[in-house]
Amino acid sequence: FDNTSSYLNKNMKLIQLFAMAMKKIWSSNNFKSVFAPQELVQEIVVASKNKFLPGVRSECCEFLTWLLQQIVRGLTSGKKNDKLNQSILKCLQGQIEVTSNQNDSINKTITSFNYLSLDIPPCPLFKDSQGGLIVPQIPLFEILKKFDSKIDSKTDNEIDSYKKKYRILQLPQ
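Residues numbered from 1 in each chain as written. Predicted model: local features only at pLDDT ≥ 70, side-chain atom pairs only at ≥ 80, totals over all residues. Heavy atoms only, no water.

How do you make sense of the overall build of the protein chain when you look at a structure like this?
If you tally the helices and strands in the protein chain, you get 5 helices and 4 strands. Of the regular secondary structure in the protein chain, the N- to C-terminal order runs α-α-α-α-β-β-α-β-β. In the protein chain, buried positions account for 20% of the 173 residues. Restricting to contacts in the protein chain with at least 6 residues of sequence separation, those with at least 24 account for 44%. Of the roughly 13,500 Å² of accessible surface on the protein chain, 55% is carried by carbon and sulfur atoms. (Helix = DSSP H or I, 4+ residues; strand = E, 2+ residues; numbered from the N terminus. Buried < 20%, exposed > 50% of the residue type's maximum accessible area, 1.4 Å probe, protein only. Contact = heavy atoms within 4.5 Å. Areas by Shrake-Rupley, 256 points an atom, 1.4 Å probe, with all protein chains shown as cover.)

Is there a simple way to think about the nonpolar core in this case?
Grouped burial of nonpolar side chains is what soluble globular proteins tend to show. With 9 residues, the main nonpolar core is built from Leu14, Leu17, Ala21, Leu40, Ile44, Phe52, Trp66, Leu67 and Ile71. With residues up to four places along the chain from it excluded, the contact list for Ala21 reads Phe35 and Leu40. In this structure, Ile96, Val98, Phe147 and Tyr166 belong to the second largest nonpolar core, which totals 5 residues. (Core = buried A, V, L, I, M, F, W, Y, C linked by side-chain atoms within 4.5 Å.)

Which parts of the structure should I look at to understand the pattern of salt bridges?
Oppositely charged side chains can form a pair if their charged atoms are brought close together. For the structure on display, the rule yields 4 salt bridges. Lys146 is the partner of Asp119 in a salt bridge, and the nearest nitrogen-oxygen pair spans 3.6 Å. Taken together, the residues span a long stretch of sequence, with Asp119 in the loop between strand S2 (105-113) and helix H5 (140-143) and Lys146 in the loop between H5 and strand S3 (153-156) at a distance of 27 residues. Judged by relative accessible area, which is 14%, Lys146 ranks as buried. The partner of Lys145 in a salt bridge is Glu142, and the shortest N-O contact between them spans 3.7 Å. When its relative accessible area of 37% is taken as the criterion, Lys145 is described as partly exposed. For Glu142, a relative accessible area of 45% translates into the label partly exposed. (Salt bridge = Lys/Arg side-chain N within 4 Å of Asp/Glu carboxyl O.)

Looking at this structure, how should I read unusual backbone geometry?
Peptide bonds are mostly trans, and most non-glycine residues show a negative phi. Backbone geometry places Lys49, a non-glycine residue, at a positive phi of 55°. Summarising the element assignment, Lys49 is placed in the loop between helix H2 (38-47) and helix H3 (60-75). Unlike most non-glycine residues, Asn50 shows phi in positive territory, near 65°. Positionally, Asn50 belongs in the loop between H2 and H3.

Quick question: what am I supposed to make of the pairing of S2 here?
Note on strand geometry: in a regular strand, side chains alternate between the two faces of the sheet. Here 9 bridges tie strand S1 (residues 94-102) to S2, and the two strands are oriented antiparallel to one another. From the neighbouring strand, Gln102 faces S2, where its bridge partner is Ser105. Linkage of S1 to S2, two consecutive antiparallel strands, is achieved through a turn of 2 residues, within which Asn103 is found at a positive phi near 50°. (Pairing = 2+ DSSP bridges.)

Looking at this model, I keep getting lost on the packing of H3 against helix H4 (residues 83-92). Mind explaining?
In a pair of packed helices, the angle between the axes and the distance between the axes together describe the arrangement. In contact at an axis separation of 9 Å, H3 and H4 are set at 155° when each is read in the N-to-C sense. With respect to each other, H3 and H4 are oriented roughly antiparallel. Between H3 and H4 the crossing geometry is right-handed. Taken together, the residues of H4 that come into contact with H3 (itself represented by Leu68, Val72 and Leu75) are Leu84, Asn85, Ile88, Leu89 and Leu92. Residues of the contact of H3 with H4, tallied by class, amount to 7 nonpolar, 1 polar and no charged. (Axes fitted to C-alpha atoms, helices over the stretch in contact; angles between N-to-C directions. Parallel < 35°, antiparallel > 145°, perpendicular 65-115°, else oblique. Left-handed = near helix turned anticlockwise from the far one by under 90°. Nonpolar A, V, L, I, M, F, W, Y, C, P; charged D, E, K, R; others polar.)

Written as structure tokens, this is what we have:
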């Protein structure tokens, strides 16, 4: 981006509307947290170049990633060495160590993450006696055990199979 000031001006309205929405929703002074999102939704449609439209299903993880990138780019100059950029990324990114064991060779890599994918158990096939589906109640700590580097996640490809262990080194601050 050669002209960052024009880029900042494009995203400034999105950031202002998002900040206003968060302020209205989380304000302790409001008796009721009433918020009308129409203007924010319209700005998201414009800023995303019609990628995220109201009434059209989209991947929520993709939207969240896009929104966070827009906020970071709008608040900073876009340079990775910018102090404000580094402090914002410190709040949004964590670090994870991935140990992969393939063909008796162990590779360790450390990568940054904005979000983690969790292995959610499948929905039950059969209904209970009242006619509704029984949704299994699993504690969050049980789902997060994947990231304590003690459990192997097996991956079977057509070419080969390998095991991976994950360990969270640093959570987003």
